Amino acid sequence: MNYVPEEVLDQIEKLKLEGKYDEALSLANQILIKNPKNEDALFQVADIQYLKWEIWNAEKSVDFLLKIKWDTDPIGLYVKWVLEMEKTNWTEAKKFLRKALELTNFENPEMMRCYGLCEYWLGNREKGIDFLEKAYEINKVDAEVIYNLIEIYLLEKKYNAAKKMIDVYYKNKDKLNLFGRPIEFYDEKIDLFNQYLKNI
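A. Local environment of the overall build of the protein. Check the secondary structure of the protein and you find 11 helices and zero strands. Along the chain direction, N to C, the helices and strands of the protein fall in the order α-α-α-α-α-α-α-α-α-α-α. If one aligns the C-alpha atoms of the protein with their principal axes, the spans along those axes are about 60 × 30 × 25 Å. Looking at the 200 residues of the protein, the share that counts as buried comes to 43%. Counted over contacts in the protein with a minimum sequence separation of 6, partners at least 24 positions apart contribute 52%. For the protein, the accessible area works out to roughly 11,300 Å², and carbon and sulfur atoms hold 53% of it. Each charge class in the protein was averaged separately, 30 positive and 36 negative side chains, and the resulting centres sit 4 Å apart.

B. Focus on the pattern of salt bridges. A full pass over the atoms with the stated rule returns 23 salt bridges. The residue E119 makes a salt bridge to K94 at a minimum N-O spacing of 3.3 Å. Taken together, the positions of E119 in helix α7 (residues 109-121) and K94 in helix α6 (residues 90-103) put the pair 25 residues apart, joining distant regions of the chain. Taking the shortest distance from any N to any O, the salt bridge between E119 and K127 comes out at 3.4 Å. In this structure, a network of salt bridges that share partners links the residues E59, D63, K80, E84 and K87.

C. Molecular detail of the packing of aromatic side chains. Evaluation of the coordinates by the stated rule reveals 10 aromatic pairs. Residues F106 and F131 carry aromatic rings whose centres are separated by 6.4 Å and whose planes lie at 40° to one another, so their mutual orientation is tilted. Of this pair, F106 sits in the loop between α6 and α7 while F131 is found in helix α8 (residues 125-138), placing the two residues 25 residues apart along the sequence. A connected cluster of aromatic rings, assembled from ring pairs, spans Y147, F185, Y186 and F193. Above the plane of the ring of F131 lies K134, whose end atom (NZ or CZ) is 5.7 Å from the centre.

D. Representation of α7 within the structure. Its 13 residues place the ends of α7 18 Å apart at the C-alpha level, agreeing with the 18 Å of an ideal helix rising 1.5 Å per residue. With respect to burial, α7 is a largely interior element, 11 of its 13 residues being buried. Every buried residue belonging to α7 is among P109, M111, M112, R113, C114, Y115, G116, L117, C118, E119 and Y120, and all of these are buried. Here the buried face of α7 lies against α5 (74-86), α6, α8 and α9 (143-155). The N-cap residue of α7 is N108: its side-chain oxygen and the backbone nitrogen of E110 are 3.0 Å apart. Where α7 terminates, the next one or two residues include G123, which has phi positive at roughly 105°.

E. Quick peek at the environment of K173. You can see K173 is positioned in the loop between α10 (159-171) and α11 (183-198). Take K173: its relative accessible area is 31%, and that puts it in the partly exposed class. C-alpha separation for the pair K173 and K134, spaced 39 residues apart in sequence, amounts to 20 Å. Those residues in contact with K173 that sit more than four places away from it in its chain are I183 and D187.

F. Representation of the state of the cysteines in the model. All chains considered together, the criterion is met by zero disulfides. The structure places no disulfide on C114, whose sulfur is separated from the nearest cysteine sulfur, that of C118, by 8.6 Å.

What counts, and where the lines are drawn
Residues numbered from 1 in each chain as written. Predicted model: local features only at pLDDT ≥ 70, side-chain atom pairs only at ≥ 80, totals over all residues. Heavy atoms only, no water. Helix = DSSP H or I, 4+ residues; strand = E, 2+ residues; numbered from the N terminus. Buried < 20%, exposed > 50% of the residue type's maximum accessible area, 1.4 Å probe, protein only. Contact = heavy atoms within 4.5 Å. Areas by Shrake-Rupley, 256 points an atom, 1.4 Å probe, with all protein chains shown as cover. Lys, Arg positive; Asp, Glu negative; His and termini not counted. Charge placed at Lys NZ, Arg CZ, Asp CG, Glu CD. Salt bridge = Lys/Arg side-chain N within 4 Å of Asp/Glu carboxyl O. Phe/Tyr/Trp six-rings, centres within 6.5 Å; stacked < 30°, edge-to-face > 60°. Lys NZ or Arg CZ within 6 Å of the ring centre and 35° of its normal. Expected span 1.5 Å × (residues − 1). Polar contact = N/O pair within 3.5 Å; in protein donor to acceptor, adjacent residues only side chain to side chain. Disulfide = S-S within 2.5 Å.

This is the structure we're talking about:
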């Protein structure tokens with residue numbers, strides 16, 4: 001059985017936010033003692049180890065999860081991509097993300113965004129931009145996608161495209177989806193991009 005009481009997961013999250021990683025890990029491990037295949041607990045262990053910067057230990061949980069799921073868990077594959085990227089195994093990382101994308105029918109904007117950046121920084125620039133633009137089409141109020149597109153358009157000297165995305169940012173600012181970063185982060189970056197465009 002994979003069910004974990006919501007209050008237990010909330011407690012783990014609270015401990016993580018407080019930086020009490022060992023206590024959080026202990027709670028997650030108590031779940032795994034009862035059920036070694038519990039997916040929520042395996043993800044929690046991986047996340048805690050990642051936060052502790054113990055990449056190799058984090059990887060063990062994800063590898064075990066993927067093994068029992070026959071490599072068919074898109075979130076597990078996405079997490080594996082993150083871990084491989086941290087180890088700078090770019091090409092290997094891309095394989096895991098590509099498989100996650102295929103399993104989600106190329107409909108997950110966050111995975112599309114990450115894959116686009118992966119392709120771009122590996123030298124496949126047009127392919128990378130294409131994936132980023134598709135991610136934007138799926139979710140037109142994703143702050144991270146908009147930010148990445150502006151940055152890449154500027155690098156590619158596609159100034160009109162960058163200006164259009166800056167307009168999109170300001171027009172939709174109140175309804176943007178923020179995933180883990182405050183709006184102030186994006187405001188600062190977009191303002192800098194805007195100033196740059198005014199001075200070229």
